[in-house]
Amino acid sequence: MTVRDLIDLNEMSVEDWQRILKLAEEIYQNPDRYIASLNGKIMATLFYEPSTRTQMSFQAAMMRLGGQVIGFKSPANSSVTKGENLKDTIKIVSGYSDILVIRHPFEGSARAASLYSQCPVINAGDGGHLHPTQTLTDLFTLMRVKGRLDDLKIGLCGDLKFGRTVHSLLRAMAQFKGNKFYLISTPELAVPQYLLDETGAEVVFCNSIEECIGELDMLYMTRVQRERFASMEEYERLKGAYILDADKMKLAGKDTVIMHPLPRVDEIDRAVDDDPRALYFKQAEYGMYARMALIMLMINEADAPRRDYEISKEEILCTNTKCILTQEPYMGQRKTESGRCAFCEGEIK
Ligand code: NCD
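Residues numbered from 1 in each chain as written. Predicted model: local features only at pLDDT ≥ 70, side-chain atom pairs only at ≥ 80, totals over all residues. Heavy atoms only, no water.

### Here's the deal with the site of the ligand
In the neighbourhood of the ligand, the contacting residues comprise T54, R103, H131, Q134, R164, T165, R223, Q225, P261, L262 and P263. Contact distances for the ligand include 2.7 Å between an oxygen atom and a side-chain N or O atom of R223. Considering the ligand on its own, with 310 Å² of exposed area, one finds that the protein chains cover 94% of that surface. Tallied by class, residues from the shell around the ligand come to 3 nonpolar, 5 polar and 3 charged. (Near = heavy atom within 4 Å. Polar contact = N/O pair within 3.5 Å; in protein donor to acceptor, adjacent residues only side chain to side chain. Areas by Shrake-Rupley, 256 points an atom, 1.4 Å probe, with all protein chains shown as cover. Nonpolar A, V, L, I, M, F, W, Y, C, P; charged D, E, K, R; others polar.)

### Some details on the environment of L46
Looking at where L46 falls in the secondary structure, it is placed in strand 1 (residues 42–47). Expressed as a C-alpha distance, the spacing of L46 and M63, which sit 17 residues apart in the sequence, is 17 Å. With sequence-adjacent residues up to four places away left out, L46 is seen in contact with G71, F72, T89, I90, V93, L100, V101, I102 and R103. (Helix = DSSP H or I, 4+ residues; strand = E, 2+ residues; numbered from the N terminus. Contact = heavy atoms within 4.5 Å.)

### Re the packing of aromatic side chains
A full pass over the atoms with the stated rule returns 9 aromatic pairs. Considering the side-chain rings of W17 and F176, the 5.8 Å spacing of their centres and the 55° angle between planes classify their relative orientation as tilted. Of this pair, W17 sits in helix 1 (residues 14–29) while F176 sits in the loop between helix 6 (164–173) and strand 6 (180–184), placing them 159 residues apart in sequence. In this pair, the class of W17 matches that of F176, namely buried. (Phe/Tyr/Trp six-rings, centres within 6.5 Å; stacked < 30°, edge-to-face > 60°. Buried < 20%, exposed > 50% of the residue type's maximum accessible area, 1.4 Å probe, protein only.)

### Comments concerning the environment of R307
Following the sequence through the fold, R307 ends up in the segment after helix 10 (280–300). When the C-alpha atoms of R307 and L6 are compared, they prove to be 9.8 Å apart, with 301 residues separating the residues in sequence. Within polar-contact distance, the side chain of R307 engages the side chain of Y309 at 2.9 Å.

### Thoughts on the sheet that holds strand 7 (residues 202–206)
In space, the 5 strands of this open sheet follow the order 7-6-5-8-9, with parallel pairing throughout. Whereas interior strands pair on both sides, the edge strands pair on one side only; in this sheet they are strand 7 and strand 9 (257–259). Looking at each pair of strands side by side, their axes are set apart by 20° on average, direction ignored. The pairing of strand 5 (residues 153–157) with strand 8 (residues 218–221) spans 4 bridges and is parallel. (Pairing = 2+ DSSP bridges. Axes fitted to C-alpha atoms, helices over the stretch in contact; angles between N-to-C directions.)

### What to know about the packing of helix 2 (residues 53–64) against helix 10
Two numbers describe how helix 2 lies on helix 10: the axes approach to 8 Å, and their chain directions differ by 55°. Relative to helix 10, helix 2 is oriented oblique. For the pair helix 2 and helix 10, the sense of crossing is right-handed. Residues R53, T54, S57, F58, A60, A61, M62 and R64 of helix 2 form the contact with helix 10, whose own contacting residues are A284, M288, R291, M292, I295 and I299. Split by residue class, the contact of helix 2 with helix 10 holds 9 nonpolar, 2 polar and 3 charged. (Parallel < 35°, antiparallel > 145°, perpendicular 65-115°, else oblique. Left-handed = near helix turned anticlockwise from the far one by under 90°.)

In C-alpha coordinates, the structure reads:
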(Lines give C-alpha, C1' and ligand atoms only; values in the text may rest on other atoms or scores of the structure.)
Protein backbone atom coordinates (compact mmCIF):
# COMPACT_ATOMS: atom_id res chain seq x y z
CA MET A 1 0.00 0.00 0.00
CA THR A 2 1.14 3.55 -0.68
CA VAL A 3 0.43 4.67 2.90
CA ARG A 4 0.15 2.86 6.23
CA ASP A 5 -3.10 4.50 7.38
CA LEU A 6 -6.44 4.96 5.66
CA ILE A 7 -7.49 8.48 6.66
CA ASP A 8 -8.53 9.75 3.22
CA LEU A 9 -8.93 7.27 0.37
CA ASN A 10 -7.20 9.71 -1.98
CA GLU A 11 -3.92 9.30 -0.10
CA MET A 12 -3.84 5.74 -1.41
CA SER A 13 -3.17 5.25 -5.10
CA VAL A 14 -5.82 4.15 -7.58
CA GLU A 15 -3.72 0.96 -7.93
CA ASP A 16 -4.17 0.39 -4.18
CA TRP A 17 -7.95 0.77 -4.59
CA GLN A 18 -7.87 -1.68 -7.47
CA ARG A 19 -5.95 -4.22 -5.43
CA ILE A 20 -8.48 -3.87 -2.60
CA LEU A 21 -11.46 -4.25 -4.95
CA LYS A 22 -9.92 -7.22 -6.71
CA LEU A 23 -9.21 -8.99 -3.43
CA ALA A 24 -12.72 -8.14 -2.17
CA GLU A 25 -14.19 -9.84 -5.23
CA GLU A 26 -11.92 -12.85 -4.74
CA ILE A 27 -12.95 -13.16 -1.07
CA TYR A 28 -16.62 -12.69 -2.00
CA GLN A 29 -16.35 -15.57 -4.48
CA ASN A 30 -14.30 -17.86 -2.23
CA PRO A 31 -14.75 -16.89 1.44
CA ASP A 32 -13.61 -20.29 2.68
CA ARG A 33 -10.11 -19.77 1.35
CA TYR A 34 -9.62 -16.82 3.70
CA ILE A 35 -10.96 -18.07 7.03
CA ALA A 36 -7.50 -18.24 8.60
CA SER A 37 -5.80 -15.35 6.81
CA LEU A 38 -5.56 -13.16 9.92
CA ASN A 39 -5.19 -15.86 12.56
CA GLY A 40 -3.60 -14.43 15.68
CA LYS A 41 -4.19 -10.78 14.67
CA ILE A 42 -6.20 -8.28 16.71
CA MET A 43 -8.31 -5.35 15.58
CA ALA A 44 -9.28 -2.56 17.98
CA THR A 45 -12.49 -0.69 17.19
CA LEU A 46 -12.76 2.63 19.01
CA PHE A 47 -16.21 4.10 18.41
CA TYR A 48 -16.69 7.53 19.98
CA GLU A 49 -19.90 7.95 17.96
CA PRO A 50 -22.84 5.56 17.32
CA SER A 51 -22.65 2.99 14.54
CA THR A 52 -24.40 -0.19 13.50
CA ARG A 53 -23.13 -1.24 10.08
CA THR A 54 -19.64 0.18 10.14
CA GLN A 55 -18.72 -1.25 13.49
CA MET A 56 -20.33 -4.63 12.98
CA SER A 57 -19.07 -5.04 9.45
CA PHE A 58 -15.50 -4.33 10.59
CA GLN A 59 -15.88 -6.82 13.41
CA ALA A 60 -17.46 -9.45 11.19
CA ALA A 61 -14.77 -8.83 8.54
CA MET A 62 -11.99 -9.44 11.08
CA MET A 63 -13.65 -12.54 12.52
CA ARG A 64 -14.31 -14.04 9.08
CA LEU A 65 -10.58 -13.79 8.41
CA GLY A 66 -9.76 -15.62 11.62
CA GLY A 67 -8.78 -12.51 13.61
CA GLN A 68 -10.10 -11.20 16.92
CA VAL A 69 -11.58 -7.89 18.01
CA ILE A 70 -11.25 -5.65 21.07
CA GLY A 71 -12.59 -2.14 21.63
CA PHE A 72 -15.50 -0.02 22.79
CA LYS A 73 -18.82 0.94 21.29
CA SER A 74 -19.18 4.19 23.10
CA PRO A 75 -16.71 6.39 24.97
CA ALA A 76 -19.06 6.06 27.95
CA ASN A 77 -17.49 2.70 28.76
CA SER A 78 -13.86 3.69 28.26
CA SER A 79 -11.37 5.82 30.23
CA VAL A 80 -12.48 8.84 28.21
CA THR A 81 -15.03 9.36 30.97
CA LYS A 82 -12.10 9.68 33.42
CA GLY A 83 -10.62 12.43 31.27
CA GLU A 84 -8.09 10.45 29.22
CA ASN A 85 -7.05 12.24 26.05
CA LEU A 86 -7.05 10.76 22.56
CA LYS A 87 -3.27 10.55 22.34
CA ASP A 88 -2.96 8.38 25.45
CA THR A 89 -5.85 6.11 24.47
CA ILE A 90 -4.36 5.56 21.02
CA LYS A 91 -0.85 4.93 22.33
CA ILE A 92 -2.14 2.29 24.69
CA VAL A 93 -4.65 0.53 22.45
CA SER A 94 -2.34 0.45 19.43
CA GLY A 95 0.15 -1.42 21.58
CA TYR A 96 -2.46 -4.15 22.04
CA SER A 97 -3.54 -4.48 18.42
CA ASP A 98 -2.48 -4.94 14.80
CA ILE A 99 -4.97 -2.50 13.31
CA LEU A 100 -7.05 0.26 14.82
CA VAL A 101 -10.44 1.47 13.55
CA ILE A 102 -11.68 4.80 14.86
CA ARG A 103 -14.94 6.73 14.52
CA HIS A 104 -15.16 10.09 16.24
CA PRO A 105 -17.48 13.12 16.15
CA PHE A 106 -14.61 15.60 15.66
CA GLU A 107 -13.11 16.22 12.24
CA GLY A 108 -9.49 15.25 11.86
CA SER A 109 -9.60 12.74 14.72
CA ALA A 110 -8.43 9.86 12.55
CA ARG A 111 -5.40 11.79 11.33
CA ALA A 112 -4.73 12.68 14.96
CA ALA A 113 -4.90 9.00 15.94
CA SER A 114 -2.47 8.06 13.17
CA LEU A 115 0.17 10.39 14.68
CA TYR A 116 0.30 8.37 17.88
CA SER A 117 -0.58 4.87 16.73
CA GLN A 118 1.95 2.05 16.60
CA CYS A 119 -0.23 0.18 14.08
CA PRO A 120 -2.21 1.16 10.96
CA VAL A 121 -5.28 3.33 11.55
CA ILE A 122 -8.54 3.26 9.61
CA ASN A 123 -10.86 6.26 9.60
CA ALA A 124 -14.38 4.93 10.13
CA GLY A 125 -15.85 8.45 9.98
CA ASP A 126 -14.46 11.68 11.46
CA GLY A 127 -17.33 14.10 12.09
CA GLY A 128 -18.71 15.55 8.88
CA HIS A 129 -15.35 15.18 7.13
CA LEU A 130 -14.61 11.80 5.52
CA HIS A 131 -15.65 8.15 5.57
CA PRO A 132 -13.27 6.28 3.26
CA THR A 133 -14.39 2.72 3.99
CA GLN A 134 -17.96 3.60 3.09
CA THR A 135 -16.50 4.73 -0.23
CA LEU A 136 -14.70 1.41 -0.69
CA THR A 137 -18.07 -0.20 -0.04
CA ASP A 138 -19.63 2.05 -2.68
CA LEU A 139 -16.86 1.38 -5.22
CA PHE A 140 -17.10 -2.36 -4.68
CA THR A 141 -20.89 -2.20 -5.12
CA LEU A 142 -20.53 -0.18 -8.34
CA MET A 143 -17.93 -2.61 -9.69
CA ARG A 144 -20.21 -5.54 -8.96
CA VAL A 145 -23.33 -4.02 -10.54
CA LYS A 146 -21.94 -1.77 -13.27
CA GLY A 147 -18.60 -3.47 -13.94
CA ARG A 148 -16.80 -0.12 -14.09
CA LEU A 149 -15.98 3.06 -12.16
CA ASP A 150 -15.73 5.47 -15.09
CA ASP A 151 -18.16 7.13 -17.49
CA LEU A 152 -20.94 7.11 -14.90
CA LYS A 153 -23.66 9.65 -14.24
CA ILE A 154 -23.89 9.85 -10.48
CA GLY A 155 -26.61 11.65 -8.53
CA LEU A 156 -25.72 12.72 -4.97
CA CYS A 157 -28.80 13.74 -3.02
CA GLY A 158 -29.57 15.06 0.46
CA ASP A 159 -27.06 16.39 2.95
CA LEU A 160 -24.03 17.08 0.80
CA LYS A 161 -22.59 19.51 3.33
CA PHE A 162 -22.32 17.38 6.46
CA GLY A 163 -22.48 13.99 4.73
CA ARG A 164 -18.97 12.56 5.05
CA THR A 165 -19.87 9.60 2.82
CA VAL A 166 -20.60 12.02 -0.02
CA HIS A 167 -17.30 13.87 0.44
CA SER A 168 -15.26 10.69 0.24
CA LEU A 169 -17.28 9.31 -2.67
CA LEU A 170 -17.00 12.49 -4.71
CA ARG A 171 -13.26 12.68 -4.12
CA ALA A 172 -12.79 9.08 -5.18
CA MET A 173 -15.08 8.97 -8.20
CA ALA A 174 -13.66 12.24 -9.55
CA GLN A 175 -10.42 10.31 -10.11
CA PHE A 176 -11.97 8.28 -12.92
CA LYS A 177 -12.53 9.66 -16.39
CA GLY A 178 -15.93 10.63 -17.68
CA ASN A 179 -17.82 10.66 -14.39
CA LYS A 180 -20.44 13.37 -14.08
CA PHE A 181 -22.05 14.37 -10.79
CA TYR A 182 -25.60 15.64 -10.35
CA LEU A 183 -25.71 17.44 -7.00
CA ILE A 184 -29.23 17.48 -5.61
CA SER A 185 -29.46 19.56 -2.44
CA THR A 186 -30.77 22.78 -0.98
CA PRO A 187 -28.23 25.63 -1.09
CA GLU A 188 -27.77 25.26 2.70
CA LEU A 189 -26.70 21.63 2.31
CA ALA A 190 -24.48 21.98 -0.78
CA VAL A 191 -21.10 20.26 -1.19
CA PRO A 192 -18.28 22.33 0.39
CA GLN A 193 -16.70 24.51 -2.28
CA TYR A 194 -13.15 23.36 -1.47
CA LEU A 195 -14.05 19.82 -2.55
CA LEU A 196 -15.46 21.01 -5.87
CA ASP A 197 -12.39 23.18 -6.50
CA GLU A 198 -9.94 20.49 -5.58
CA THR A 199 -11.55 17.60 -7.47
CA GLY A 200 -12.37 19.65 -10.56
CA ALA A 201 -15.35 17.30 -10.90
CA GLU A 202 -17.86 17.88 -13.68
CA VAL A 203 -21.03 18.82 -11.81
CA VAL A 204 -24.61 19.78 -12.53
CA PHE A 205 -26.56 21.50 -9.74
CA CYS A 206 -30.14 20.25 -9.43
CA ASN A 207 -33.09 21.38 -7.32
CA SER A 208 -35.08 18.18 -7.54
CA ILE A 209 -34.67 14.43 -7.98
CA GLU A 210 -37.22 14.47 -10.80
CA GLU A 211 -35.16 16.74 -13.03
CA CYS A 212 -32.22 14.34 -13.32
CA ILE A 213 -33.13 10.82 -12.17
CA GLY A 214 -33.91 9.76 -15.75
CA GLU A 215 -30.28 10.38 -16.75
CA LEU A 216 -28.52 8.69 -13.86
CA ASP A 217 -26.62 5.40 -13.67
CA MET A 218 -26.69 5.65 -9.89
CA LEU A 219 -28.53 7.80 -7.36
CA TYR A 220 -26.84 8.06 -3.95
CA MET A 221 -29.39 9.09 -1.33
CA THR A 222 -28.28 10.37 2.07
CA ARG A 223 -29.87 11.28 5.39
CA VAL A 224 -29.87 14.86 6.64
CA GLN A 225 -27.24 14.66 9.40
CA ARG A 226 -29.23 15.88 12.39
CA GLU A 227 -26.37 15.54 14.87
CA ARG A 228 -24.17 17.98 12.93
CA PHE A 229 -26.59 20.92 12.91
CA ALA A 230 -25.99 23.85 15.22
CA SER A 231 -29.73 24.59 15.29
CA MET A 232 -32.59 22.06 15.50
CA GLU A 233 -34.97 24.53 13.78
CA GLU A 234 -32.68 24.54 10.78
CA TYR A 235 -32.65 20.72 10.76
CA GLU A 236 -36.46 20.56 10.99
CA ARG A 237 -36.75 22.97 8.09
CA LEU A 238 -34.42 21.00 5.81
CA LYS A 239 -34.96 17.37 6.77
CA GLY A 240 -37.81 16.47 4.42
CA ALA A 241 -36.47 18.30 1.36
CA TYR A 242 -35.83 15.21 -0.79
CA ILE A 243 -37.76 11.98 -0.60
CA LEU A 244 -37.37 9.21 -3.14
CA ASP A 245 -40.64 7.33 -3.63
CA ALA A 246 -42.19 4.88 -6.08
CA ASP A 247 -43.50 7.70 -8.31
CA LYS A 248 -40.04 9.17 -8.74
CA MET A 249 -38.67 5.70 -9.42
CA LYS A 250 -40.98 5.57 -12.45
CA LEU A 251 -38.91 8.37 -13.96
CA ALA A 252 -35.63 6.46 -13.45
CA GLY A 253 -34.01 4.29 -16.11
CA LYS A 254 -34.26 0.51 -15.89
CA ASP A 255 -30.59 0.30 -14.89
CA THR A 256 -30.53 3.30 -12.53
CA VAL A 257 -29.41 1.83 -9.21
CA ILE A 258 -30.25 3.40 -5.87
CA MET A 259 -27.58 3.40 -3.20
CA HIS A 260 -27.56 4.78 0.37
CA PRO A 261 -24.90 4.40 3.09
CA LEU A 262 -27.72 3.88 5.64
CA PRO A 263 -29.18 4.45 8.17
CA ARG A 264 -32.21 5.66 6.28
CA VAL A 265 -34.63 7.98 8.07
CA ASP A 266 -37.40 8.89 5.65
CA GLU A 267 -35.52 10.03 2.54
CA ILE A 268 -36.35 6.74 0.78
CA ASP A 269 -39.93 5.57 1.03
CA ARG A 270 -40.12 1.95 2.16
CA ALA A 271 -42.13 1.13 -0.97
CA VAL A 272 -38.88 1.51 -2.94
CA ASP A 273 -37.18 -1.31 -1.00
CA ASP A 274 -38.63 -4.08 -3.17
CA ASP A 275 -37.66 -2.40 -6.42
CA PRO A 276 -34.84 -4.48 -7.98
CA ARG A 277 -32.94 -1.23 -8.57
CA ALA A 278 -32.76 -0.56 -4.81
CA LEU A 279 -29.29 -1.77 -3.84
CA TYR A 280 -28.77 -0.32 -0.37
CA PHE A 281 -29.17 -3.50 1.65
CA LYS A 282 -26.91 -5.46 -0.68
CA GLN A 283 -24.45 -2.54 -0.59
CA ALA A 284 -24.17 -2.87 3.21
CA GLU A 285 -23.37 -6.58 2.78
CA TYR A 286 -20.74 -5.87 0.12
CA GLY A 287 -19.14 -3.46 2.60
CA MET A 288 -18.02 -6.34 4.75
CA TYR A 289 -16.08 -7.89 1.85
CA ALA A 290 -14.49 -4.57 0.97
CA ARG A 291 -13.38 -4.22 4.59
CA MET A 292 -12.03 -7.80 4.67
CA ALA A 293 -9.81 -7.03 1.71
CA LEU A 294 -8.73 -3.70 3.17
CA ILE A 295 -7.70 -5.02 6.57
CA MET A 296 -5.87 -7.98 5.07
CA LEU A 297 -3.76 -5.73 2.88
CA MET A 298 -3.21 -3.10 5.57
CA ILE A 299 -2.14 -5.59 8.23
CA ASN A 300 0.12 -7.48 5.81
CA GLU A 301 1.73 -4.21 4.67
CA ALA A 302 1.86 -2.40 8.00
CA ASP A 303 5.39 -1.17 7.22
CA ALA A 304 4.08 1.16 4.47
CA PRO A 305 5.10 4.82 4.97
CA ARG A 306 3.11 7.08 7.29
CA ARG A 307 1.74 10.42 6.07
CA ASP A 308 3.09 13.06 8.42
CA TYR A 309 2.74 16.81 8.77
CA GLU A 310 5.04 18.90 10.93
CA ILE A 311 3.75 21.29 13.57
CA SER A 312 3.65 24.69 11.90
CA LYS A 313 6.42 27.12 12.86
CA GLU A 314 4.24 30.11 12.01
CA GLU A 315 1.27 31.06 14.19
CA ILE A 316 -1.72 29.49 12.47
CA LEU A 317 -5.22 28.64 13.62
CA CYS A 318 -7.79 26.24 12.16
CA THR A 319 -11.15 28.04 12.02
CA ASN A 320 -13.31 24.88 12.04
CA THR A 321 -15.16 24.63 15.37
CA LYS A 322 -15.54 20.86 14.81
CA CYS A 323 -11.79 20.30 14.39
CA ILE A 324 -10.22 17.76 16.75
CA LEU A 325 -7.72 20.46 17.78
CA THR A 326 -10.52 22.29 19.63
CA GLN A 327 -10.61 19.24 21.93
CA GLU A 328 -6.98 18.14 21.88
CA PRO A 329 -4.98 21.35 21.32
CA TYR A 330 -1.64 19.82 22.48
CA MET A 331 -1.38 18.10 19.07
CA GLY A 332 -0.31 21.36 17.47
CA GLN A 333 -1.57 23.17 14.37
CA ARG A 334 -0.33 21.65 11.12
CA LYS A 335 -1.19 22.43 7.53
CA THR A 336 -1.32 20.61 4.20
CA GLU A 337 0.52 21.57 1.01
CA SER A 338 -2.64 23.36 -0.09
CA GLY A 339 -2.68 25.44 3.10
CA ARG A 340 -5.63 23.80 4.87
CA CYS A 341 -5.68 22.23 8.35
CA ALA A 342 -3.86 18.89 8.15
CA PHE A 343 -6.40 17.33 10.52
CA CYS A 344 -9.84 18.44 9.32
CA GLU A 345 -9.03 20.38 6.10
CA GLY A 346 -10.68 23.44 7.64
CA GLU A 347 -9.63 26.92 6.67
CA ILE A 348 -6.58 28.30 8.43
CA LYS A 349 -6.15 31.86 9.66
C1 NCD B 1 -22.99 6.87 7.47
C2 NCD B 1 -22.08 7.61 8.43
O3 NCD B 1 -21.89 7.18 9.57
O4 NCD B 1 -21.56 8.62 8.00
N5 NCD B 1 -23.37 5.61 7.94
C6 NCD B 1 -22.53 4.55 7.65
O7 NCD B 1 -21.42 4.49 8.08
N8 NCD B 1 -22.99 3.62 6.82
C9 NCD B 1 -24.14 7.67 7.02
C10 NCD B 1 -25.02 8.34 8.03
O11 NCD B 1 -24.83 8.24 9.22
O12 NCD B 1 -25.95 9.00 7.56
